[in-house]
Amino acid sequence: MKKVCGYCGAVIDDGAKICTNCGKMIAGKGSAQKEGGLQFSNYGGSSMPVQNKPDVRTPYMSKANAKHARQEADNRAYQRAGQSAQQRRTDNGYDPVRQAQQQRVPFVTNSSSGKEKSKSKIMPLIGKLVKIILVLFILYALFGFIRVMLVRSADYDFKLGEGMKLECENYGEAMDNYFEKGKWRYHLKGNCVTYTGETKSGEEYELTFGKKNKQTAVTKLVIDGKAVDKDKIMDIYIMGMFM
């Protein structure tokens, strides 16, 4: 029985290992194939070169391979997520990629706790309350400063006789001349202005200002802890400070 050399196409014996025409080694049974590509066929008694059949991949095969690769990736993701293929088919809303990503994160949450919600509501309220308190404090300080300045600049009609003249024109000058040191204050409780001072001799005075005969006057006077009679405050003690 004869066979054809796959390299040169010469007819050689069936049991030959080497082609007597080209000297190439014949490998295996049947017709040998040349590396790279051509094969000779003995169809119809003639030696005709036939190109080796290429590994053809049709578009259908490419899509099938891609689909298979996606299925394998999904299966691996479901295995990492602890879900079986049956559970995957029944759960249409399940996303294997998202589940795998969540499993790699130590803690993932999409909703805040009740404490965080309450905290988010309380903090803005606290901020508003602090602002309100700050505004009220500024208004109180401003109002108190205005009240003190009005009392300092006020005077009093003592109805002096002829030839008598006051040295000070208002309470501010009188307090500064009479006392060694002192301080003006406005008190929200009672809505009044007070002055506390100490004379050169060491006497401590506390004067509370109010209204008398529609004029700014000292309505209460305490000297070294003792209250002075209201009828004597303006005509004796305060008039002496102005003179």
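Residues numbered from 1 in each chain as written. Predicted model: local features only at pLDDT ≥ 70, side-chain atom pairs only at ≥ 80, totals over all residues. Heavy atoms only, no water.

Peer 1: Where do I start with the nonpolar core in this structure?
Peer 2: Note that soluble globular proteins tend to have their nonpolar side chains buried in a common cluster. Formed by 28 residues in total, the largest nonpolar core has its most connected members in Tyr171, Trp184, Leu207, Val218, Met234 and Ile238. Elements with a minimum of two residues in this core: helix H4 (114–152), helix H5 (171–178), strand E5 (181–187), strand E6 (192–198), strand E7 (204–212), strand E8 (215–223) and helix H6 (230–242). If one sorts the elements of this core by residue count, H6 sits on top with six residues. Excluding residues that lie within four positions of it along the chain, Met234 makes contacts with Tyr156, Phe158, Tyr171, Lys212, Ala217, Val218 and Met239. Listed in part, the six residues of the second largest apolar core include Cys5, Ile12, Cys19 and Ile26. (Core = buried A, V, L, I, M, F, W, Y, C linked by side-chain atoms within 4.5 Å. Buried < 20%, exposed > 50% of the residue type's maximum accessible area, 1.4 Å probe, protein only. Helix = DSSP H or I, 4+ residues; strand = E, 2+ residues; numbered from the N terminus. Contact = heavy atoms within 4.5 Å.)

Peer 1: In this structure, what is going on with the state of the cysteines? I would like to understand it.
Peer 2: By definition, a disulfide links two cysteine residues through a covalent bond between their sulfur atoms. Taken as a whole and judged by the stated rule, the model has zero disulfides. For Cys8, which is in no disulfide, the shortest distance to another cysteine sulfur is to Cys19 and amounts to 3.6 Å. (Disulfide = S-S within 2.5 Å.)

Peer 1: Teacher, can you tell me more about the packing of aromatic side chains here?
Peer 2: For any pair of aromatic rings, the description rests on two quantities: the centre-to-centre distance and the angle between the ring planes. Under the counting rule described, the total for this entry stands at twelve aromatic pairs. Three or more aromatic residues joined by ring pairs form one cluster here, namely Tyr156, Phe158, Tyr171, Tyr178, Phe179, Trp184, Tyr195, Tyr205, Phe209 and Phe242. (Phe/Tyr/Trp six-rings, centres within 6.5 Å; stacked < 30°, edge-to-face > 60°.)

Peer 1: Any chance you could explain H6 here in plain terms?
Peer 2: Owing to its 3.6 residues per turn, the α-helix brings residues three or four apart onto one side. Compared with an ideal rise of 1.5 Å per residue, which puts 13 residues at 18 Å, H6 spans 18 Å between its outermost C-alpha atoms and is within 8% of the ideal. Every buried residue belonging to H6 is among Ile233, Met234, Ile238, Met239, Met241 and Phe242, and all of these are buried. Take H6 and look down its axis: the buried residues cluster within an arc of 145°, on one side only. Facing away from the buried side of H6 by more than 90 degrees, the exposed set consists of Asp231 and Ile236. Residues of H6 that are buried make contact with H5, E7 and E8. (Expected span 1.5 Å × (residues − 1). Arc of directions from axis to C-beta.)

Peer 1: Honestly, the side chain of Thr199 in this entry has me stumped. Any pointers?
Peer 2: You can see Thr199 is positioned in the loop between E6 and E7. Look at Thr199 and you get buried, because its relative accessible area is 7%. Looking at Thr199, its side chain comes within polar contact range of the side chain of Ser201, at 3.0 Å. (Polar contact = N/O pair within 3.5 Å; in protein donor to acceptor, adjacent residues only side chain to side chain.)

Peer 1: When you look at the pairing of E5 in this model, what are you seeing that I'm missing?
Peer 2: Looking along a regular strand, one sees the side chains alternate between the two faces of the sheet. Two elements, E5 and E6, share seven bridges in a ladder whose sense is antiparallel. In the strand pairing of E6, Arg185 is matched with Thr194. Linking E5 to E6, which pair antiparallel, is a turn of four residues; within it Gly190 sits at a positive phi near 95°. (Pairing = 2+ DSSP bridges.)

Peer 1: Would you take a moment to explain H5 for this structure?
Peer 2: Turning to H5, its buried residues number three or more, namely Tyr171, Gly172, Ala174 and Met175. Buried residues in H5, looked at end-on, bunch into an arc of 165°, giving them a common side. If you check the start of H5, you find a side-chain oxygen 3.2 Å away from the backbone N of Gly172, and it comes from Asn170.

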